[in-house]
Each structure stands twice: as C-alpha cells, then as structure tokens.
Amino acid sequence: MARVIVFLLALMAPFAASSAELEVEHLSGEWRPFVGVSIASKHVGADRDFQEFNPGVSLGLSRRIGWRRGEWGLEGGYFQNSYDEGSFYAGLWADWPVASIEDRLDVRLGGFFGYAEYPQLVDEAEDFGALVIGDFVPLVAAQASLRIDDRFSLLTRFGPGIEDSDVILSLQAFYFF
C-alpha cells in the first residue's frame, strides 16, 4: 500500500506548485479541480466474462491549452477493475473540441496515458515490452467526451484489449469546479 501512495504522489508532484510557478507561455487559464466517477467497461470481442460494472472515484486537475480550446489534465483514483478487484490508477489526458452546439455542448476527442494496478497483467505487459512499475501496468487509450456547459463531461476511453478481448471501452463522468 505504501508503494501505491508513493507512486501516486510522485505522479502528482509536478502539480503541487502554485499556478504562477507552473505558468508556461503557451498555456492559458487556471487550474480547475474535478471529481470523476467510473461507471462501466465493455470488453469487445472477449472470449471470457469480465466484470463490466466498474464503480470508482477519481480526483484531478485540468487546465486549458491556449491552442484551439484544448485542455489537459491529471487524474488519479480507485476503481473496481475487470477482474472484480480494486485498482489504483493515475494518468494524464488531453482533448480538443471537434464540434460545438451553441457554446453549451462540446464533442471532444483526445488521448489518455497512465498506469493502473493490475497484478494479473504484469507478465503480459512485460512480455509485450512495456515498462511495468511493481503491479502497475501502462494504459494507453483514445478518448471521446461530451462536455456540457463546461462543467459536466461524459466520456469514454477505448484502448487495446486485455487477454482474450480486442478493445476495451470505459465509461466515466467528470464534474469540473
């Protein structure tokens, strides 16, 4: 458990500085905290049964990117994984609006990279040549979201499958403060 806490703190350390210290010329806006909930996943093309109800909670920070209203964020949390076990995770994401409806609703596309605690997948990840950190394996996913009034986001992430599945789709919801 101590390794998990140290790992999560190390990932969040760059964001502990004040906004003024992190000011970079091409970034705009202030840091905004958000809270998220994990809801479900779907293992497309699976040859076996996985746990598809994946409740969880996450906390994060996001910030606007000055280029075309993009945004990037850092999040970390805990969820019930596809093997019906608890997993900690942390990651970074970025997305951009690709369509808007009356400045109230944005369809956004982007990507996510992070690490999640999956002891069952360590050997598979190492065989693939991925950098594994203890029981944490890397996650890479594209993401699509529907942002409502710049406060609520319903998003899906989709990436490579595990074991006997082709693709994994996840469903989450975020609330930005």
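Scroll up to find the structure.
Bear in mind the structure is a predicted one, so any value in this text is a computation, not a measurement.

What follows deals with the sheet that holds strand 4 (residues 86-101). Taken in spatial order, the eight strands close into a barrel running 1-2-3-4-5-6-7-8, and their pairing is antiparallel. Taken over all neighbouring pairs, the strand axes of this sheet differ in orientation by 30° on average, direction set aside. Where strand 1 (residues 32-44) lies against strand 2 (residues 53-65), eight bridges are found, and the strand directions are antiparallel. Within strand 2, the position partnered with F34 by the bridge is G60.

The subject of this paragraph is the pattern of salt bridges. Taken as a whole and judged by the stated rule, the model has twelve salt bridges. Between D150 and R64 there is a salt bridge, and its shortest N-O distance comes to 2.4 Å. Residue D150 is found in the loop between strand 6 (136-148) and strand 7 (152-160), and its partner R64 is found in strand 2; the two are separated by 86 residues along the sequence. Taking relative accessible area as the criterion, D150 reaches 28% and is therefore assigned partly exposed.

Our next topic: a nonpolar patch on the surface. A cluster of nonpolar side chains, contributed by V98, V107, L109, L146, F152, L154, L171, Y175 and F177, occupies part of the molecular surface with about 740 Å² of accessible area. Mapped onto the nonpolar patch, the elements with two or more residues apiece are strand 5 (105-117), strand 7 and strand 8 (167-176). When you line up the elements, V98 lands in strand 4. For V98, a relative accessible area of 52% corresponds to the exposed category.

Here strand 5 pairs with strand 6 via 13 bridges, running antiparallel. Each residue of the ladder has a partner; that of Y115, found in strand 6, is P138. The pairing of strand 6 with strand 7 spans seven bridges and is antiparallel. Looking at strand 7, one finds that S145 is bridged to L155. Here strand 6 folds back onto strand 7 in antiparallel fashion, the turn holding three residues, of which D149 has a positive phi close to 50°.

This part covers the packing of aromatic side chains. Overall, the coordinates contain twelve aromatic pairs when judged by the stated rule. Between the aromatic rings of F174 and F176, the centroid separation amounts to 6.2 Å while the plane-to-plane angle is 80°, which identifies the pairing as edge-to-face. Members of the aromatic cluster, joined through ring pairs, are F50, F79, Y83, Y89 and Y118. Across from the ring centre of F50, 4.5 Å away, lies the NZ or CZ of R48, which sits over that ring.

Note that Y89 resides in strand 4. When its relative accessible area of 4% is taken as the criterion, Y89 is described as buried. Sequence separation between Y89 and G77 is twelve residues; the distance between their C-alpha atoms is 5.5 Å. Within the structure, Y89 has its side chain in polar contact with the side chain of S58 (distance 3.5 Å). There is a polar contact of 2.4 Å between the side chain of Y89 and the side chain of E75.

The phi torsion at E102 lies on the positive side, around 50°, for a residue other than glycine. Mapped onto the fold, E102 is located in the loop between strand 4 and strand 5. For D149, which is not glycine, the phi dihedral falls at a positive 50°. Tracing the sequence through the fold places D149 in the loop between strand 6 and strand 7.

Calculation rules
- Residues numbered from 1 in each chain as written.
- Predicted model: local features only at pLDDT ≥ 70, side-chain atom pairs only at ≥ 80, totals over all residues.
- Heavy atoms only, no water.
- Pairing = 2+ DSSP bridges.
- Helix = DSSP H or I, 4+ residues; strand = E, 2+ residues; numbered from the N terminus.
- Axes fitted to C-alpha atoms, helices over the stretch in contact; angles between N-to-C directions.
- Salt bridge = Lys/Arg side-chain N within 4 Å of Asp/Glu carboxyl O.
- Buried < 20%, exposed > 50% of the residue type's maximum accessible area, 1.4 Å probe, protein only.
- Patch = residues over 30% accessible without salt bridge, like charges linked within 9 Å, V, L, I, M, F, W, Y side chains within 5 Å.
- Areas by Shrake-Rupley, 256 points an atom, 1.4 Å probe, with all protein chains shown as cover.
- Phe/Tyr/Trp six-rings, centres within 6.5 Å; stacked < 30°, edge-to-face > 60°.
- Lys NZ or Arg CZ within 6 Å of the ring centre and 35° of its normal.
- Polar contact = N/O pair within 3.5 Å; in protein donor to acceptor, adjacent residues only side chain to side chain.

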